[in-house]
Amino acid sequence: MTPPPRAARRIDGDFVVVTCEHGGNRIPAEYAIHFRGWQPVLSTHRGFDAGALVMARELGLALRAPVVASTVSRLLVDLNRSLSNPRAWSAATGVLPPDVRRRIARRHYTPYRDRVMALVANAIAAGRRVVHISSHSFTPVLDGDVRTADVGLLYDPARSGEKAFAERWQAAFAAEAPALRVRRNYPYAGRDDGLTSYLRGRFPATRYLGIELEFNQSFALGAAGPWRQLRRSAVATLLKVLR
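Note that the coordinates shown come from a computational prediction; the quantities given were computed from them, not determined experimentally.

## Focus on the packing of helix α4 (residues 160-176) against helix α7 (residues 224-242)
Then comes step 1: α7 packs onto α4 with a crossing angle of 130° between their chain directions and a minimal axis gap of 9 Å. What the angle tells us is that α4 and α7 run oblique. Handedness of the crossing formed by α4 with α7: right-handed. Across the interface between the two elements, F165, R168, W169, A172, F173, A175 and E176 from α4 touch S233, A234, A236, T237, L238, K240, V241 and L242 from α7.
Then comes step 2: Its residues assigned to classes, the contact of α4 with α7 comprises 10 nonpolar, two polar and three charged.

Rendered as structure tokens:
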């Protein structure tokens, strides 16, 4: 888990925090035995979100916002799922004894969630509205279906602040980089089980906005130029919306 940089920039009173739940495919040594032969899978979208950590760090640097990121593979435990969700555990860890899974959660899941919760709670207690950007990427093709977007902005449509924020961000992308296909609540629904959904259940809509930034992994895994330009566009458009 990466430590946060210097104090967050104040943008119209908002406190911005950036997270990255699937930043790497690292398996701690004590659990390596359970992942023998898994290296090909760990290197795919099932093991981590390619490029998501780079994007999170660049957003955090531009905004001078705290960044909370994990480089432990989602196949050990998925930090973006509730522990009660069967999909929080992979085929390698879901079969482990309950006490081993509890130890994994205690060492890798709970500290991450607690760090994000503390940042959000402290900012709200200080009278700030929190804008939480969760950095993710998606595979271009899943189960034979080609994803028809370059960028996805996920939010809860029932929370008017999140809806308006996502609409403004989409419009900013259209002005900054009109060739990019930017869609809202695609390729996933913003209300699905995840860290932003968890935090929505604990903080009011007037104080907490949770947006998942999803981008197509074809950028991170492709040529350097388009990938660099996508990151620049994400930074520039987010700054525009926040200001």
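Back to the write-up after that little detour.
## Quick look at the pairing of strand β8 (residues 208-216)
Then comes step 1: Taking burial as the measure, the nine residues of β8 include nine buried ones, the bulk of the element.
Then comes step 2: In β8, alternate side chains face the same way, and those of Y208, G210, E212, E214 and N216 on one face and L209, I211, L213 and F215 on the other are all buried.
Then comes step 3: Of the strand pairs in this sheet, strand β3 (residues 129-138) and β8 are connected by nine bridges, and their pairing is parallel. Bridge pairing links S134 to E212 in β8.
Then comes step 4: Both strand β6 (residues 151-154) and β8 contribute to a ladder of four bridges, which runs antiparallel. Paired with L154 across the two strands is E212, which belongs to β8.

## Some thoughts on the nonpolar core
Then comes step 1: In this structure, I133, F165 and W169 are the most contacted members of the largest nonpolar core, which totals 38 residues.
Then comes step 2: Elements with a contribution of two residues or more to this core: β1 (14-20), α2 (52-63), β2 (67-69), β3, β6, α4, β8 and α7.
Then comes step 3: Ranked by the residues each element gives to this core, the list is headed by α7, at eight residues.
Then comes step 4: Residues within four places of W169 in sequence aside, it is in contact with I133, L153, I211, L213, A234, T237, L238 and V241.
Then comes step 5: Counting residues in each nonpolar core, the second largest holds 32 residues, with Y31, L119, L199 and F203 among its members.

## Focus on the sheet that holds β8
Then comes step 1: Here six strands make up an open sheet; going across it, the order is β2-β1-β3-β8-β6-β7 and the pairing mixed. Each end of this open sheet is capped by a strand with a single partner; those strands are β2 and β7 (182-184). The mean inter-strand angle of the sheet, taken between neighbouring strand axes irrespective of direction, is 20°.
Then comes step 2: Packed onto the sheet, helix α3 (residues 98-125) meets β1, β2, β3 and β8 and runs at close to 175° relative to β1.

## Focus: the pattern of salt bridges
When charged atoms on two side chains of opposite charge get close, those side chains can pair.
Then comes step 1: Enumeration over the complete set of coordinates arrives at 12 salt bridges.
Then comes step 2: With its nearest N and O atoms 3.1 Å apart, the salt bridge here joins R181 to D150. You can see R181 sitting in the loop between α4 and β7 and its partner D150 sitting in the loop between β5 (145-146) and β6, a full 31 residues away along the chain.
Then comes step 3: You can call R181 partly exposed: its relative accessible area is 40%.
Then comes step 4: Of the residues examined, D150 reaches a relative accessible area of 9% and is grouped as buried.
Then comes step 5: Residues R184 and E167 are paired through a salt bridge, measuring 4.0 Å at the closest nitrogen-oxygen approach. Of the two residues, R184 is situated in strand β7 and E167 in helix α4; the sequence distance between them amounts to 17 residues.
Then comes step 6: Under the relative-accessibility criterion, E167 is labelled partly exposed at 31%.
Then comes step 7: Connected via shared salt-bridge partners are D49, R74, D78 and R81.

Cut-off values and rules
Counting restarts for each chain, with residues numbered from 1 along the sequence as it is written. Given that the model is predicted, a residue must reach a pLDDT of at least 70 before its local features are reported, and side-chain atom pairs must reach 80 or more before they are shown or counted; all residues, however, enter totals for whole chains, interfaces and linings. As a rule here, side-chain values cover all heavy atoms of the structure and leave hydrogens and water aside. To get an axis, a line is fitted to the C-alpha atoms, and for a helix only the part in contact is used. The angle between two axes follows their N-to-C directions and goes from 0 to 180 degrees. Each helix is a run of H or I in the DSSP string that is no shorter than four residues. Each strand is a run of E no shorter than two, and both are numbered from the N terminus. For this classification, under 35 degrees means roughly parallel, over 145 means roughly antiparallel, 65 to 115 means roughly perpendicular, and everything else is oblique. Crossings are assigned a handedness: left-handed for a near helix turned anticlockwise from the far helix by less than a right angle, right-handed for a clockwise turn. Residue contacts are counted whenever heavy atoms from the two residues lie within 4.5 Å of one another. Only Asp, Glu, Lys and Arg are considered charged, only Ala, Val, Leu, Ile, Met, Phe, Trp, Tyr, Cys and Pro nonpolar, and every remaining residue, Gly among them, polar. Whether a residue is buried, partly exposed or exposed follows from its accessible area with a 1.4 Å probe, protein chains only, as a fraction of its type maximum: under 20%, in between, or over 50%, in that order. At least two DSSP bridges between two strands are required for those strands to pair. We define a nonpolar core as any set of buried Ala, Val, Leu, Ile, Met, Phe, Trp, Tyr and Cys residues linked to one another through side-chain atoms lying within 4.5 Å. Should a side-chain nitrogen of Lys or Arg be within 4 Å of a carboxyl oxygen of Asp or Glu, the pair is scored as a salt bridge.

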